[in-house]
Every structure is written in structure tokens, then in C-alpha cells.
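# Residue-level structural notes
The primary structure of each chain is shown beneath.
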Amino acid sequence: MKNRFQITARLGALELLAEADFSDEFIMVSGENGAGKTTLLRCLAGLEQAQGQLMLAGRVWLDSSAGFVLPPEKRHLGCLWADTALLPWLSVEKNITLGADRVDQIWLTRLAEQLEISALMQRKPHMLSTGEAQRVALVRAIYRKPVILLIDEPFSAQAPAVRQRLRSALKTIQAELQLPVIMVSHDAEDARVLADQHWRMREGRLMTEINQQHGVIHDAGERLA
Amino acid sequence: MLESLVISLQLALVTTIILLLLALPLAYLLAFKTFTGRTMLEVVVALPLVLPPTVLGYFVLLMIAPDSTLGRAWSSVFDHSLAFSFSGMVFASVLYSLPFAVQPMQQALRAIPRSWLEMASTQGLSLSQTLLQVLLPAARGGVLVAAALSFAHTMGEFGVVLMVGGSIPGETRVASIALFELVEMQQHSDAWLLALILMAVSFVMLSLVYTVNRQGLNFGAGK
């Protein structure tokens, strides 16, 4: 599926200017702190107001010229942010299946095994380590089989050995569900193992630096300006 | 005496239930939405806090009088008038205790982390799912405080219920009015007992409020 966006947004001092098209592939976003990586993901999720066009999974999500914005709850997203936002009164399992009409136990069990949270399913969030909570939130994002996965440093709290296993698990899941993944990471190993495409952000601009399939180098920011 | 106490408890219970249902959408609007007339709504909700109860009672009486629109509509459906009835007192009590229900809920909703609301939307929860599965459990402390305060405040009404209810024995004579009349009739031992009971109810309710506030049953703030 072809996905495409061309968006601008202004948030405080940051001016976001981003354009890209991509298929159902693994995209790694890097850049310095404050370059707008998280903002880009939040704009794609619809959590921040953006102008421009956004087409995803064959659907229009944003078309400013027509005054159209699809709200986040209708976008069928899978998101993971620095704040895992697990609800403290629900068990891990209930957190993951929150909002689902019925529970696909087979799928849930498999995901839990792949992302190493099987033993945690009946625990409450306060009984989880930061790393465990992060994995639970990742399972929650994937469980609903979203049309896109937007994950902001999903392995930041993981020990190196776990991180390595999670990488390959995530790659397997992405290939199986055939969904686009946009992942923010500072880890060069993440990029090396996972990335089909690499986006680098600088001062709010998205530069599509390395296109591994075509070897083309271009600057999305300049094309827009 | 016992009769008046039962009426008071019934009034407080019915009022509290109606208030919880009514205050939740109001608190939701005030906590999360910006709209024209928002300040106006907040002022109207808070008005009973500072208004003399007799003023509120007087306006309610005008609103529900047998020749008013509301009064006529009511007596055409039910075969009694709204003024000087239990239902009329419920109507007045709901208005009178509205801020005590809305404000704790509004505060509890405001304390919910934004990330939880964002999670609810990116996980595709509908408005009712968000309300029932995220907002209400997160703000349950506020709901409990709202219920306790509404109940206690309704038990403690005097001016409004006297104005609207008219102190009809066995119908609209609530405990606080009965106490006044007992004192006037110099029945001191009954007055003393009734006053003690009313004091105890308020004490228990406020203890509940302060316990909830200290233990932070609202998950939102910290945890």
C-alpha cells in the first residue's frame, strides 16, 4: 500500500516541514533532540494539528485544502510514546485489550510470547519495571492490528540482550502484518537491523536521506520550500 | 420526628442519584471543552454557593408554581402540583447542590493525565468507552466526593426546602425544618436527638470526603 504525506505544523518554537512517501516498510527516524521526531509522529497520529495532506492505507487522513481531518480514534493506529499511559487499575491483559469487543486469545498469547510479557499478563502496572511496561505498551499498540505503527524509542528502557531479541520479534511481526512502521530511535543498531528506509530530521525538517531501494538522495525540506 | 428524618434521607438519596447523572456531563464539558458561554455556565453552576437559599427557593417556587409552564406541564402528567411536593423539593435540591457535585468531578477529570486521553483516542476508544472505561474509573474519587457532599448538603438544606416544600408533615417536612419546629415548641429532648443525628450524618460524610482526598482515589494525580 502506498502512503504519502506532505505536512507542516507549528508547535512552540518548532516549525515542522515534512514530506515523504513510503510503502509498508520499516522506517527509522533519527535526528537530534528537538529536531521534531516525536512531533512528526504525533502529527501523523493526529494528536497535533497539522496542515497539508496525509494519505495512509488507502485513506485520506488529512486534507487541509478541503478542511478534512480524520480524528485519531478513526485512524486505527498503533502508538507507543515515552509515557506508556498504562491504566493503573487494569491488569496488563486488560490494558492491552482495552476497547476491544472480544479478545483474540491466540493472537494475544502469541504476541505476549514474542515480546516477552507472557508472565506479566495478570499483573497491575505498578508491579512492572519500566522496561516491562514499555513492552506491554508495545503489545497494546500491535494487538489491535493497526494500519500503521508509530513508535517513539520503543526499546529505550530495555536491556541490550532483550533489545536484540525484541528487534527481531518486531521485524517478524511487521513482515507478517505487512504494516508500515515508523520508529524513532537513536540506536544505530536498530537502524542497521530494522530499517528499510531511513529518515533524518533536522530543525523540524524531514530529510529523506537514504533511500535504500533506489540509492537516491534528496532533501524533502528543500523540495517543499 | 423519625418521619422527617426518613424524608430527609429519601430527599438526599434521590437528589444525589440525579445529581451524579446530571453533573457528570457538565463536569466533562467544563473540564475538557472550550465553548462560548463556558464562563457563564461555570458561574450558573457555582451560583448556589453564594446565593441566599431563600433567593434560590423563591425563584424555584416561581418556576414550578401551578400556573407556570413547568408547573402546568407537571400537573398534566402527574395528578399533583410540583410546588409543595416531594418532587418539587428534589428539583430545588438538585439545583441547590449542583456545585457540590460538579466541582469535585470537574477537578478529578482535570487531574487525568493527557497521555491517558491520547491513549484512549489512538487506541480507537469511542466516547462512551472512554467515559466508562477511562474517565470514570480514573475520576472515581471525585465521583465519590461529589456523592458524599451532595448527600450531606441536601440533608443540611433549610431555606430552599422550606420555601419550595412548605413543611407539610409526612410529605415535605424534612429533618432540619422539624428541628426548628421542635425547638420552637420547646421539645428539647427530641430536638437534641435530631440535631445529634444530623450532625453524625454530616460528620460521616465529611470524613469520607477527607479520607478520599488524602488517599487520592483519583488515579490521575500522581499515583
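Residues numbered from 1 in each chain as written. Chains lettered and ligands numbered in written order. Predicted model: local features only at pLDDT ≥ 70, side-chain atom pairs only at ≥ 80, totals over all residues. Heavy atoms only, no water.

## Looking at the overall build of chain B
The secondary structure content of chain B amounts to 11 helices and 0 strands. Seen through its principal axes, chain B has C-alpha atoms that stretch 65 × 40 × 30 Å. Considering only contacts in chain B between residues 6 or more positions apart, those separated by 24 or more positions represent 77%. Taken as a whole, chain B presents about 11200 Å² of accessible surface, with 70% of it coming from carbon and sulfur. Treating the 9 positive side-chain charges of chain B as one cloud and the 10 negative ones as another, the clouds have centres 23 Å apart. (Helix = DSSP H or I, 4+ residues; strand = E, 2+ residues; numbered from the N terminus. Contact = heavy atoms within 4.5 Å. Areas by Shrake-Rupley, 256 points an atom, 1.4 Å probe, with all protein chains shown as cover. Lys, Arg positive; Asp, Glu negative; His and termini not counted. Charge placed at Lys NZ, Arg CZ, Asp CG, Glu CD.)

## Points about the overall build of chain A
Counting its regular elements, chain A contains 7 helices and 11 strands. For chain A, the C-alpha radius of gyration of 17 Å lies close to 17 Å, the compact-globule estimate for 225 residues. For the C-alpha atoms alone, the extent of chain A along its principal axes is close to 50 × 35 × 35 Å. The buried share of chain A, reckoned over its 225 residues, is 55%. Measuring between centres, the 26 positive side-chain charges of chain A sit 4 Å from its 27 negative side-chain charges. (Rg over C-alpha atoms; globule rule 2.2 N^0.38 Å. Buried < 20%, exposed > 50% of the residue type's maximum accessible area, 1.4 Å probe, protein only.)

## Points about the pairing of strand β9 (residues 181-184) of chain A
All names here are of chain A. Neither face of β9 is exposed, since V181 and M183 on one face and I182 and V184 on the opposite face are all buried. Judged from the 4 bridges that link them, strand β3 (residues 26-31) and β9 form a sheet pairing that is parallel. Note that in β9 the partner of F26 across the bridge is V181. In this sheet, β9 lies alongside strand β8 (residues 148-152) in parallel orientation, the contact comprising 4 bridges. Paired with L149 across the strands is V181, a residue of β9. One crossover worth recording links β8 to the parallel β9 by way of helix α5 (residues 160-177), and it is right-handed. (Pairing = 2+ DSSP bridges. Right-handed = clockwise from strand over helix to strand, strands pointing away.)

## Digging into the nonpolar core
A:L87, B:V102, B:L109 and B:W116 are the most contacted members of the largest nonpolar core, which totals 39 residues. Counting only elements with at least two residues in this core, the list comes to α1 (2-32), α5 (86-110), α6 (114-122), α7 (127-138) and α8 (140-155) of chain B. With residues up to four places along the chain from it excluded, the contact list for A:L87 reads A:N95, A:L98, A:P125, B:W116, B:M119, B:Q133 and B:V134. (Core = buried A, V, L, I, M, F, W, Y, C linked by side-chain atoms within 4.5 Å.)

## Digging into the pattern of salt bridges
Tallied over the full model, the rule gives 14 salt bridges over all chains. Residues A:E48 and A:R42 are paired through a salt bridge, measuring 2.7 Å at the closest nitrogen-oxygen approach. Owing to a relative accessible area of 12%, A:R42 belongs among the buried residues under this scheme. Where A:R42 meets B:E118, a salt bridge forms, and the shortest distance between an N and an O atom there is 2.7 Å. Of this pair, A:R42 sits in helix α1 (residues 37-45) while B:E118 is found in helix α6, placing the two residues in two different chains. For the pair A:R42 and B:E118, one class covers both residues: buried. Within this structure, A:R42, A:E48, B:R114 and B:E118 form a network of salt bridges that share partners. (Salt bridge = Lys/Arg side-chain N within 4 Å of Asp/Glu carboxyl O.)

## Comments concerning helix α2 (residues 38-50) of chain B
Residue and element names in this part refer to chain B. The end-to-end C-alpha distance of α2 is 19 Å, a good match for the 18 Å that 13 residues give at a rise of 1.5 Å each. At V44, α2 shows its largest bend, some 30°, and a proline, P48, comes one to four positions later. Restricting attention to buried positions, one finds in α2 the residues R38, V45 and P48. Residues of α2 that are buried make contact with α1 and α5. (Expected span 1.5 Å × (residues − 1). Bend = angle between axes of the 7 residues up to and from the residue.)

## Quick look at the interface of chain B and chain A
On the side of chain A, 20 residues touch chain B, which itself brings 17 residues to the contact. Buried area between chain B and chain A, summed over both chains or domains, comes out near 1700 Å², and the portion from carbon and sulfur atoms is 60%. Considering only the surface of chain B that becomes buried against chain A, B:M119, B:T122 and B:Q123 emerge as the three largest contributors, covering 35% of it. In this structure, the connection of chain B to chain A is made through 7 residue pairs in polar contact (both at pLDDT 80 or more). Among the elements that line the side of chain B that touches chain A, the one with the most residues is α6(B), at 7 residues. Tallied by class, the residues present in the side of chain B that touches chain A amount to 7 nonpolar, 7 polar and 3 charged. (Buried area = accessible area lost by both parts, 1.4 Å probe. Polar contact = N/O pair within 3.5 Å; in protein donor to acceptor, adjacent residues only side chain to side chain. Nonpolar A, V, L, I, M, F, W, Y, C, P; charged D, E, K, R; others polar.)

## Here's the deal with the packing of aromatic side chains
Applying the stated criterion across every chain yields a total of 8 aromatic pairs over all chains. Arranged with centres 5.5 Å apart and planes meeting at 75°, the rings of A:F22 and A:W199 form a pair that is edge-to-face. Of this pair, A:F22 sits in strand β2 (residues 14-22) while A:W199 sits in strand β10 (residues 197-202), placing them 177 residues apart in sequence. In this pair, the class of A:F22 matches that of A:W199, namely buried. Measuring from ring centre to ring centre gives 5.8 Å for A:W89 and B:W116, while their planes differ by 70°; the resulting arrangement is edge-to-face. In this pair, A:W89 is assigned in the loop between β7 (77-80) and α2 (92-96) and B:W116 in helix α6, connecting two distinct chains. (Phe/Tyr/Trp six-rings, centres within 6.5 Å; stacked < 30°, edge-to-face > 60°.)

## Examining the confidence of the model for chain B
All names here are of chain B. On average, chain B scores 92 in pLDDT, and the residues at 70 or more come to 96%. Confidence, read as mean pLDDT per element, is least for helix α4 (residues 69-77) in chain B (90) and greatest for α6 (97). For this predicted complex, the interface confidence reaches an ipTM of 0.90, while the overall pTM sits at 0.85. (pLDDT = per-residue confidence, 0-100.)

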